[in-house]
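# Structural overview
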Amino acid sequence: EGSRLWSVDTRIAASIPHPVGRIASAPIVRLASSPTGSCLIALTSEGHLESCDPRDPFLDSPHSSSRSSLAADLDATAITFHPSGVLVATAEAGGIVRLWLVAEGAEFARIATTQESIRDVDFALGGTVLVAAGTSGLTFHDLGRLGEAR
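Note that the structure is predicted; figures quoted are calculated from it, not measured. (Residues numbered from 1 in each chain as written. Predicted model: local features only at pLDDT ≥ 70, side-chain atom pairs only at ≥ 80, totals over all residues. Heavy atoms only, no water.)

## A closer look at the overall build of the chain
What counts here: Counting from the N terminus, the helices are the DSSP runs of H or I reaching at least four residues and the strands are the DSSP runs of E reaching at least two. Whether two residues touch is decided by their heavy atoms; if any such pair falls within 4.5 Å, the residues are in contact. Here the open area of atoms and residues is found with the Shrake-Rupley method and a 1.4 Å probe, where only the protein chains shown may cover a residue.
Along the chain, the regular secondary structure elements total zero helices and 13 strands. Listing every helix and strand of the chain by position from the N terminus yields β-β-β-β-β-β-β-β-β-β-β-β-β. Taking contacts inside the chain between residues at least 6 apart in sequence as the whole, the part at least 24 apart equals 31%. For the chain, the computed accessible surface area is about 8,600 Å², with 53% contributed by carbon and sulfur atoms.

Have a look at this one:
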């Protein structure tokens with residue numbers, strides 16, 4: 001039967017389906033959704049960065065074609081998608097931001113910030129600027145044409 005969701009405007013009940021699967025074997029500490037919602041990136045408590053397509057009917061299977069591991073042993077404090085959906089940024093406590101190519105599962109670039117500890121990261125101005133928020137306030141990093149990534 002699932003849970004019930006009530007529309008605030010019309011008071012019409014909508015049913016929420018049962019969970020369709022799991023993408024990680026360890027607790028999730030951060031989660032990001034691509035701009036289209038077709039990709040989820042999860043950061044586990046063990047430092048694994050995993051991706052999946054939530055539309056995959058075989059999501060719960062360890063052999064699902066939409067599940068992949070992007071990285072392991074990360075000390076990440078935040079993750080976010082680039083507006084293009086092609087890149088994911090992970091921020092680390094030590095002031096490093098890594099950019100990952102989602103489809104390839106590979107690190108694309110590293111950005112050394114002036115932050116001692118980054119607590120959040122995001123893209124601004126259409127993805128041309130990376131913003132790191134941390135113990136030193138906000139720092140802005142011009143990514144040039146990276147905002148037009150693939």
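## Remarks on the nonpolar core
Our working rule: Throughout this description, the term nonpolar core refers to a set of buried Ala, Val, Leu, Ile, Met, Phe, Trp, Tyr and Cys residues connected via side-chain atoms within 4.5 Å. Only protein chains enter the calculation, and the probe is 1.4 Å; a residue is then buried if its accessible area is under 20% of its type maximum, exposed if over 50%, and partly exposed in between.
Judged by nonpolar contacts, the single largest core of 14 residues is most densely connected at Ile41, Leu43, Leu49, Leu74, Ile79, Phe81 and Val102. Secondary structure elements with two or more residues in this core: β4 (40-44), β6 (68-71) and β7 (76-81). Considering every element that reaches this core, the biggest residue donor is β7, with three residues. What Phe81 contacts, discounting residues up to four positions off in sequence, is Ala32, Ser33, Ser34, Pro35, Cys39, Ile41, Leu87, Val88, Val102 and Phe123. Counting 12 residues, the second-largest nonpolar core is a separate cluster that includes Ala89, Ala91, Phe123 and Leu130.

## Concerning the confidence of the model for the chain
The criterion, for reference: pLDDT is defined as a per-residue confidence score from the predictor, taking values between 0 and 100.
Put simply, the chain has an average pLDDT of 79, and 72% of its residues get 70 or more. Mean pLDDT values for the elements of the chain range from 44 in strand β1 (residues 3-6) up to 94 in strand β11 (residues 118-124). Every residue in residues 1-7 is under pLDDT 50, and counting partners more than four places away or in other chains gives 18 contacts.

## Considerations on the side chain of His141
Secondary-structure assignment places His141 in strand β13 (residues 137-142). Note on His141: relative accessible area 15%, which makes it buried. Every residue in contact with His141, bar those within four places of it in the chain, is listed here: Ile111, Ala112, Thr113, Thr128, Val129 and Leu130.

## Some details on the pattern of salt bridges
Definition in use: For this document, the term salt bridge refers to a Lys or Arg side-chain nitrogen within 4 Å of an Asp or Glu carboxyl oxygen.
One pass over the structure, following the stated rule, counts three salt bridges. We note a salt bridge from Arg98 to Glu92, for which the minimum N-O separation is 2.7 Å. Residue classification places Arg98 among the buried positions, given a relative accessible area of 15%.

## Structural notes on the sheet that holds strand β12 (residues 129-134)
Applied cut-off: Here a strand pair is declared whenever DSSP counts at least two bridges between the two strands. To define axes, lines are fitted to C-alpha atoms, for helices over the stretch in contact only, and angles between the resulting N-to-C directions are given on a 0 to 180 degree scale.
If you walk across this open sheet you meet the three strands as β11-β12-β13, and the pairing is antiparallel. What marks the edges here is a single partner per strand, and that holds for β11 and β13. On average, adjacent strands in this sheet sit at an angle of 20 degrees to one another, irrespective of strand direction. Direction of pairing for β12 relative to β13: antiparallel, over a ladder of six bridges.

## Looking at the sheet that holds strand β8 (residues 87-92)
Read from one edge to the other, the open sheet built from four strands follows the order β7-β8-β9-β10, with strand pairing classed as antiparallel. This sheet does not close on itself; its edge strands, each paired only once, are β7 and β10 (106-112). Averaged over neighbouring strand pairs, the angle between their axes works out to 20 degrees when direction is ignored. Inspection of the sheet shows β8 paired to strand β9 (residues 96-101) by five bridges, in the antiparallel sense.

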